[in-house]
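# Reading the structure
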Amino acid sequence: MQFARINDVTMHYQVIGAPADRPVIVFINSLGTDFRIWRDVVVRLAGDFAIILYDKRGHGLSDVGQLPASIEDHATDLAGLLDLLSVKDAVICGLSVGGLIAQSLYQRRPDLVRALILSDTAPKIGTAESWNARIAAVEKDGIGSIVDTIMERWFTPAFRRPENTAYAGYCNMLTRQPVEGYIAACEAIRDADFTEAAKRIAVPTICVVGDQDGSTPPDLVFATAKLIPGARYEVIPDCAHIPCVEQPEALTAIIRAFLTSISPGESSP
């Protein structure tokens, strides 16, 4: 395991190397998960691309850090990690809140971003009322009290079959996140709005969504793609909010096709 001290937060990360001429892909995980959600995509890309994974603050094996923590704080953490690793011009792939962090990173440090893969995300996710209700439920009864509701948004009914042991594992992943880190991330999402910033994104971008996503539905992700100049849009069938778990082959194919279409010197759509 690899750890680094970034902005007074101990960050858990992993680097998978590749030949020096290959692009670097950075994966940012969703709310209530850690970077293990990307495994089935990473094993299909390893060797062809350099890969960086990390647990954002308040998740996985990373520190919770000082609270509150905004999306901008999360982006600063990622920038610090990439600076430490001497990485620039990376492809940033963010899922859900990870997509918000990716947008903020581009806004703050465009030198670090070659292209954006925005999976099941938007410039603004949910409403203050919905996030405050979730925060109140977790503060009162813990993350376990919202598992069933969240899983209905994360995964399709086919994945949520009782005999699917992976489903039970992802329930465990959610409930074992630090409560304070989960609440802080909910607050950060609630307060984030990159709608105007999205209109100024000037790197190749693709917006991807599962056709049954219950957290960031296809209409919302399509609207996001329309905001971003030249952005592409892809829908993954038979999939909800976490394509890297439910349809990793399809997501990997989209990532490969997108990156193949970007010439080495391309910096705008």
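We now turn to the structure provided with this report. The structure presented is a predicted model; accordingly, all values stated were derived computationally and were not measured.

To summarise the sheet geometry, strands pair through backbone hydrogen bonds and adopt either a parallel or an antiparallel arrangement. Ordered in space as E1-E2-E4-E3-E5-E6-E7-E8, the eight strands form an open sheet in which the pairing is mixed. Since the sheet does not close on itself, it has two edges, and those belong to strand E1 (2–6) and strand E8 (232–236), each with one partner. Ignoring which end each strand starts from, the neighbouring axes of this sheet average 25° apart. Pairing of E1 with strand E2 (residues 9–16) involves five bridges; the strand directions are antiparallel. Across the sheet, Ile 6 pairs through a bridge with Val 9, a residue of E2.

So, about the packing of aromatic side chains. Throughout the structure, instances matching the rule amount to six aromatic pairs. Here the aromatic rings of Phe 27 and Trp 38 are separated by 4.7 Å at their centres, their planes lie at 40°, and the arrangement is tilted. A residue pair is termed long-range when its members are at least 10 positions apart, and Phe 27 in strand E3 (residues 24–28) and Trp 38 in the loop between E3 and helix H1 (39–45) qualify at eleven residues. The buried category is assigned to Phe 27, whose relative accessible area is 0%. Ring centres of Phe 155 and Phe 159 lie 4.3 Å apart, and the angle between their planes is 25°; on these two criteria the pair is classed as stacked. Taking the relative accessible area as the measure of exposure, Phe 159 reaches 12% and is therefore buried. A cation over an aromatic ring shows up here: Arg 22 above the ring of Phe 49, its NZ or CZ 5.1 Å from the ring centre.

Turning next to the side chain of Asp 55. Position of Asp 55 relative to the elements: it lies in the loop between strand E4 (50–54) and helix H2 (71–84). Buried within the structure, Asp 55 lacks any salt-bridge partner; Arg 36 is the closest side chain of opposite charge, at an N-O distance of 6.8 Å. Here Phe 35 takes part through its backbone nitrogen, which lies 2.9 Å from a polar atom of the side chain of Asp 55. Not counting chain neighbours up to four residues away, the residues in contact with Asp 55 comprise Met 11, His 12, Asn 29, Asp 34, Phe 35, Gly 60, Leu 61 and Ser 62.

Tallied over the full model, the rule gives 13 salt bridges. The residue Arg 109 makes a salt bridge to Asp 111 at a minimum N-O spacing of 2.9 Å. Taking relative accessible area as the criterion, Arg 109 reaches 23% and is therefore assigned partly exposed. Looking at Asp 111, the relative accessible area reads 34%, which means it is partly exposed. Among the salt bridges present, the one from Asp 191 reaches Arg 190, with a minimum N-O distance of 2.8 Å. Several salt bridges share partner residues, and in doing so they unite Asp 83, Lys 88, Arg 109 and Asp 111 into one network.

Criteria and thresholds
- Residues numbered from 1 in each chain as written.
- Predicted model: local features only at pLDDT ≥ 70, side-chain atom pairs only at ≥ 80, totals over all residues.
- Heavy atoms only, no water.
- Pairing = 2+ DSSP bridges.
- Helix = DSSP H or I, 4+ residues; strand = E, 2+ residues; numbered from the N terminus.
- Axes fitted to C-alpha atoms, helices over the stretch in contact; angles between N-to-C directions.
- Phe/Tyr/Trp six-rings, centres within 6.5 Å; stacked < 30°, edge-to-face > 60°.
- Buried < 20%, exposed > 50% of the residue type's maximum accessible area, 1.4 Å probe, protein only.
- Lys NZ or Arg CZ within 6 Å of the ring centre and 35° of its normal.
- Lys, Arg positive; Asp, Glu negative; His and termini not counted.
- Salt bridge = Lys/Arg side-chain N within 4 Å of Asp/Glu carboxyl O.
- Polar contact = N/O pair within 3.5 Å; in protein donor to acceptor, adjacent residues only side chain to side chain.
- Contact = heavy atoms within 4.5 Å.

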